[in-house]
Amino acid sequence: MSTTRALRISFFLTVIIIFQSCCVKENAIVAHRGAWKKNNLPENSIAALRHAIDLKLAGSEFDVWRTADDSLVINHDAHYNKLLIEETNYTDLIKFKLSNGEKLPTLYEYIVEGRRNNKRTLLVCEIKPSEISKERGKKTALMTVEIIKKLKAQKTTSYISFDYEILKQIRQVDPVTTLQYLEGNKTPKEVQLDNISGIDYHYSVFQKHPEWIKEAKESKITLNVWTVNDAEVMDWIIGNNFDYITTNEPELLKQRIEKKK
């Protein structure tokens, strides 16, 4: 990468960080796989996404896989109805309905719904590492970014992944989008040096490395945590003023935040 391009990317990331620090409230709630639990909705369903938007949550997370015939679909696990998604065509996957009667949604359908009547809920797109190859995972990332750009959803979408190379691949084609790393094995400063916008680690990582909370804030990168469902853990996270808190219990978390005010 040329020095000029590196400086340009650094500038764009600085602008994003400043924007985020001005606009993101502390302890903003992100629904993990949508707001599904209270109403017994299928995880990652359109209905769960819609409920997160209706609750006016700060974000709603979802998971992307690529099928054997290159369809991008929303599902958490590598398998759907005992079929390995990466080795199955989409037409075979949708023979099996979700528990509420929906079909397995495509990324295109999900983003279209995520933009409808949505003024505040960020679409937090987790790109799953491929179980076939690292290169396949990076191609899936590029295809995902292409669809989101096509739908003009760049400003309302951020990307997360356990695969660091996927995030670096996205950064190569989009110098300004928000990226957060999930694995929990890099310091905030290491992530910042690679032009990754933030960290999104399991709460146990921050309990083991509380110094990373301060380091992330000093580095002015986004500080997110998952998956916080226990009231006691919620209170600890709230007390440390994270930017975002990802949870399966958005209603409970909202109550705990309001109680602390």
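Note that this is a predicted model, so its numbers are computed, not measured.

### Quick notes on helix α10 (residues 231–239)
For α10, the set of buried residues is Val233, Met234, Asp235, Ile237 and Ile238. Here the buried face of α10 lies against α8 (203–208), β10 (222–226), β11 (244–247) and α11 (250–260). Among the residues of α10, the N-terminal cap falls to Asp230, whose side-chain oxygen and the backbone nitrogen of Glu232 are separated by 3.0 Å. Once α10 finishes, Asn241 follows within two positions and takes phi at roughly 55°, a positive value.

### Re the pairing of β10
Side chains on a regular strand alternate between the two faces of the sheet. β10 sits mainly inside the fold: four of its five residues count as buried. Pairing between strand β9 (residues 198–202) and β10: five bridges, direction parallel. Its bridge partner lying in β10, Asp200 is registered against Asn224. Where β10 meets β11, two bridges bridge the pair, whose relative direction is parallel. The residue of β11 that forms the bridge with Val225 is Ile245.

Cut-off values and rules
- Residues numbered from 1 in each chain as written.
- Predicted model: local features only at pLDDT ≥ 70, side-chain atom pairs only at ≥ 80, totals over all residues.
- Heavy atoms only, no water.
- Buried < 20%, exposed > 50% of the residue type's maximum accessible area, 1.4 Å probe, protein only.
- Helix = DSSP H or I, 4+ residues; strand = E, 2+ residues; numbered from the N terminus.
- Contact = heavy atoms within 4.5 Å.
- Polar contact = N/O pair within 3.5 Å; in protein donor to acceptor, adjacent residues only side chain to side chain.
- Pairing = 2+ DSSP bridges.

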